[in-house]
Amino acid sequence: MILAAFLVAEFILFSATGRNFLQPDNLTNIVRHSTEIGLLALVMMPVILTGGIDLSVGSLLGLCAVLFGKMVQDAGLSPGAAAAVTLLVGGIAGGFNALLITRLRLPPLIVTLGTFSLFRGLAEAITKGTATYSKFPDSFLALGSATFLGLPTQAWVFVAVAGVIWILVHRTTFGRSWRAIGFSPEGARYAGLPVERRLAFAYVMAGVVAALAAIILTARVTQARADAGTGYELLAITAVVLGGTSIFGGTGSVHGTLLGVAAIAVLTNGLSRIPSIMGVSRELSGVLTGALLIAALAGGVLMKFLSERRARRQTSATPSTPSNA
Amino acid sequence: MTPLLQLVSVTKSFGAVRALKGVSFDLKAGEVHALLGENGAGKSTLIKVITGAHRPDAGTMAIAGNAIENLTPTAAQRLGIACIHQQPTLFPDLTVAENIALRLGTTRSFARVNWPANRARTAELLGRIGAAIEPDAEVRSLSMPGQQLVEIACALGAGARIVIMDEPTASLTQKEQHLLFGVVRDLKARGVGVIYISHRLEEIFALADRVTVLRDGESIGTREVHQPSGSGALAGASPSGASPVDAPSGEAPEGQSDRRGACPTIDLTEAELIRLMVGREVAAIYPPSESDPGDVVLSIHNLGCSAGGVKNVTLDIRAGEIVGLAGLVGAGRTELARVLFGLTPADAGQIRLHGQSITVCSPQEAVAHGIAYVPEDRRRHGIILEMPVAENLTMAIHRRLFPGSWLKLKAERHLALDLIRDLGVKAYGPEAPGGSLSGGNQQKVSVARWLATKPKLLILDEPTQGVDVGAKSEIHRIIRRLAKDGLAVLMISSDLPEVLGMSDRIAVMRGGTVVATLPGGTSAHEVMATALGQSAPEAAA
């Protein structure tokens, strides 16, 4: 709720102060630029819902981007075939995370911190640190620049992924299990839920969608570099947490995550439209995003504290209510 | 003689709910005064008033004749009131000495800590209560009773005159209970007044001088407890054949000496206490067995699991039969259940279900085979506290209820309402979070979740631990009904009267294996002796 109000406030503020903020071109621009982080946030959400975290998605995006570029440019694969292979690689990489987390029972933070370095390192090894791949057919680049039925092409991909994940989280036993695992992994195990399989699914899905984001990013910036997606994992986590998903797992919603993504995307873009601060808008948006995150979390804790205090006044007697009075 | 602690007409309301309606209570020095009542009777509120956590609305409180007003927890501590909680509140990563130093030490910042003195003091305090605990041991490494002993040592160190014990034996083995009882008697001998809360009536008969029963925020009555001279007197009072008389006899070893002679008057019986507590006559403590055991449902042969410390277990359970699994904590009972439920899969032996040889490598496989396990630790394993009752209830039947993984919220709600009604779960609705329910109702949810799977074998691990008397007998009735309907039940319990009262047969475990299977009418004495691995006379000596 607060986040939605904040988003509206952003729109009002930036349309008043920003140059051309409300122009269709700029709105399209916002959508195009936020698709990749939005995709990562969408798959980060179920992972965080299980009480886990995936720090490797940004690095995996970089690795998948250069793999895709190399396959198209050096191996002469068609973009479609290369994309299929890239998605497969993403899934395998996610599966590698999942394997370490579910079989060896290592903490997700440590596992994905490891693969965060590993995937980026592999990407740099492929490019030898210098190569960029930029020979892509126009038909492929349309994914990053064309519109379809009035919306940027990649927005349709985003909507499809968002829809699938919303359904998974809110309308299927997958979401139910993720939440149960987030609240109590042992409790979920004792309830006979397939804890390992459900966890693995979340991490594999994160890998596949990170690969998808890599392809979309490549199409948008028309080149694939080893440093693609640097820092995206943190922005994705920020969007998820800002969107009301508990970092401890168990509670959260996909629509909240979408609002979180929108709030960050609009903030970043809007600041770059205000003439007086244009030069430092990147830095400023970082500062403001951080401040927003902390304010949202602190506000949440404060509200909870207040409502609990109110509830305690009213219901602290409830446990003492005679059960068979 | 001025009582050590005296409360007169204490009332306390929370909003519209009157938790205490004029309760009077007194505690003498050197007395064990038991406080009894169902969950929600007002015990916790009363304790919180005494420890300064709640301020009473009306009524007076005096310590050693001095009126006390505006008591705060800190002031209560200074006045020598200590509370030992069911779950010890120590820092698990610190050592015993560090914990005690934290409780008793100076609160000045940057003060130098004199570790040798702290250690010596810790050793001295632990020695006083006869606890064999190393001051340098990490609290994490201590057993639950060990941690409770550390709490008691803290209370002693703080010079407590009034010690409140809230269900101290809930997680103790028989042997540890004896140790704790010894400590309580020792405190008593030192002139400390002990307020003792427990759901286990036999403990109250073994330990208390007086007992006050609370019901619905009122004090129903205070009775003198004349500690029984033998188990025979109580057996007469208890109508069920398998009478819960083991406690006094189990108590015999060190109880004999400080029993005030053979007191012939038994003016208080278990049945009367229960009547006082629930406000109605409880005809029989345990419902009689009505089952007629059918075919063998589960047959295990030489089952073993080295990781779980279970070996060579051979056992049959028939349809409609309740097999009690007795034994000391650490005998491998829960471990056996974990093997059968696939949490720690077996690495030796055979499991046959209705004659079919099966393997159980995960809880999912166990569920698929129709094996259900209601775990011991309901707050951590039995239910998920943060999730609604309905979601908890359907958690084990996702596949059946939600084909193709699609949630069917209406169907779920209907099923949940049925189960809630069926088992008499008291919750404000299927959407109530599991954690908002009382212990007994949480346990019913945990059982109901598994009944929903329509199991062939139901394993219950300490099904009534920490639930109040009313809920306890309801759970017993539910178990009986399930057995009557042909379910095979394996019931693990450390509550020996419960095992004796409920079981058609009793399997006794020791050292990771089933050492004997005894018929239903076996005496408490024999079960205990088998569990201890002693010949019968030794167990009592």
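Residues numbered from 1 in each chain as written. Chains lettered and ligands numbered in written order. Predicted model: local features only at pLDDT ≥ 70, side-chain atom pairs only at ≥ 80, totals over all residues. Heavy atoms only, no water.

**Observations concerning the overall build of chain B**
When its secondary structure is counted, chain B shows 21 helices and 20 strands. Counting only residues that meet the buried cut, chain B has 56% of its 541 residues in that class. Intrachain contacts of chain B at a sequence separation of at least 6 include 67% that bridge at least 24 residues. Carbon together with sulfur atoms contributes 51% to the accessible area of chain B, which is approximately 21,800 Å² in total. (Helix = DSSP H or I, 4+ residues; strand = E, 2+ residues; numbered from the N terminus. Buried < 20%, exposed > 50% of the residue type's maximum accessible area, 1.4 Å probe, protein only. Contact = heavy atoms within 4.5 Å. Areas by Shrake-Rupley, 256 points an atom, 1.4 Å probe, with all protein chains shown as cover.)

**Brief notes about the confidence of the model for chain B**
All names here are of chain B. Scored by pLDDT, chain B comes out at a mean of 81, with 86% of its residues at no less than 70. The model gives residues 228-266 a pLDDT under 50, and that stretch makes 55 contacts with residues more than four places away or in other chains. Confidence over residues 535-541 falls short of pLDDT 50; this stretch has 10 contacts with residues more than four positions distant or in other chains. (pLDDT = per-residue confidence, 0-100.)

**Examining a nonpolar patch on the surface**
Together, Phe148, Leu149, Leu151 and Trp156 of chain A make up a nonpolar patch on the protein surface, roughly 420 Å² of accessible area in all. By the element assignment, phenylalanine 148 of chain A lies in strand 1 (residues 147-148). (Patch = residues over 30% accessible without salt bridge, like charges linked within 9 Å, V, L, I, M, F, W, Y side chains within 5 Å. Salt bridge = Lys/Arg side-chain N within 4 Å of Asp/Glu carboxyl O.)

**Here we look at the sheet that holds strand 20 (residues 513-519) of chain B**
All names here are of chain B. Taken in spatial order, the six strands make up an open sheet running 16-17-18-13-19-20, and their pairing is mixed. Looking at the sheet topology across the chains shown, the edges are occupied by strand 16 (371-374) and strand 20. In this sheet, neighbouring strand axes are inclined to one another by 20° on average, regardless of whether the strands run parallel or antiparallel. Sheet strands touched by helix 17 (residues 439-451): strand 16 and strand 17 (457-461). Its angle to strand 16, the strand with the most contacts, is close to 175°. (Pairing = 2+ DSSP bridges. Axes fitted to C-alpha atoms, helices over the stretch in contact; angles between N-to-C directions.)

**Remarks on the environment of threonine 112 of chain A**
Residue and element names in this part refer to chain A. Within the secondary structure layout, threonine 112 lies in helix 5 (residues 108-127). Here threonine 112 falls in the buried class, since its relative accessible area comes to 0%. For threonine 112, the contacting residues outside a window of four places in its chain are Ile53, Asp54, Leu55, Ser56 and Asn97. A distance of 3.1 Å separates a polar atom in the side chain of threonine 112 from the backbone nitrogen of leucine 55. (Polar contact = N/O pair within 3.5 Å; in protein donor to acceptor, adjacent residues only side chain to side chain.)

**Quick notes on empty space enclosed by the protein**
Residue and element names in this part refer to chain B. Under the definition given, this model contains seven cavities of 30 Å³ or more. Put simply, the second largest cavity is a space of about 170 Å³. Arg200, Thr464, Gln465, Gly466 and Asp495 are, among the 17 residues lining the second largest cavity, the residues nearest its centre. For the lining of the second largest cavity, a count of residues per class yields three nonpolar, seven polar and seven charged. Shared between two domains, the lining of the second largest cavity holds at least three residues of each, these being domain 1 (5-80 + 161-278) and domain 3 (286-370 + 455-541). (1 Å grid on protein atoms, 1.4 Å probe; cavity = no way out; pocket = protein on both sides within 12 Å on 5 of 7 lines; lining within 4 Å. Points joined across faces, edges and corners; volume = space filled by probe spheres on them. Nonpolar A, V, L, I, M, F, W, Y, C, P; charged D, E, K, R; others polar. Domains from an automatic or database assignment.)

**With respect to helix 11 (residues 232-242) of chain A**
Residues and elements named next belong to chain A. With respect to burial, helix 11 is a largely interior element, nine of its 11 residues being buried. The complete set of buried residues in helix 11 reads Tyr232, Glu233, Ala236, Ile237, Thr238, Ala239, Val240, Val241 and Leu242. Phi turns positive, to about 95°, at glycine 244, one or two residues after helix 11.

**Things to note about the packing of aromatic side chains**
Residues and elements named next belong to chain A. Enumeration according to the criterion identifies 12 aromatic pairs over all chains in this entry. Centre to centre, the rings of phenylalanine 68 and phenylalanine 140 are 5.0 Å apart; their planes meet at 45°, and the pair counts as tilted. On the criterion of sequence distance, the pair formed by phenylalanine 68 in helix 3 (residues 57-73) and phenylalanine 140 in helix 6 (residues 138-145) is long-range, its members being 72 residues apart. Here the two residues phenylalanine 68 and phenylalanine 140 agree in accessibility, since each one is buried. (Phe/Tyr/Trp six-rings, centres within 6.5 Å; stacked < 30°, edge-to-face > 60°.)

**Here's the deal with helix 12 (residues 254-273) of chain A**
Its 20 residues give helix 12 of chain A an end-to-end C-alpha distance of 29 Å, which sits within 8% of 28 Å, the value for a rise of 1.5 Å per residue. For helix 12 of chain A, the N-terminal cap is serine 253 of chain A; the gap from its side-chain oxygen to the backbone nitrogen of glycine 256 of chain A is 3.0 Å. (Expected span 1.5 Å × (residues − 1).)

**As for the pairing of strand 7 (residues 162-166) of chain B**
In summary, the side chains of a regular strand alternate between the two faces of the sheet. Residues and elements named next belong to chain B. Most of strand 7 is tucked away, with four of its five residues classed as buried. Where strand 6 (residues 81-84) and strand 7 come together, four bridges link them in parallel fashion. Directly across from isoleucine 81, in strand 7, lies its bridge partner isoleucine 162. Bridge analysis of strand 7 against strand 8 (residues 193-197) gives five bridges, and the strand direction is parallel. What sits directly across from isoleucine 162, in strand 8, is glycine 193.

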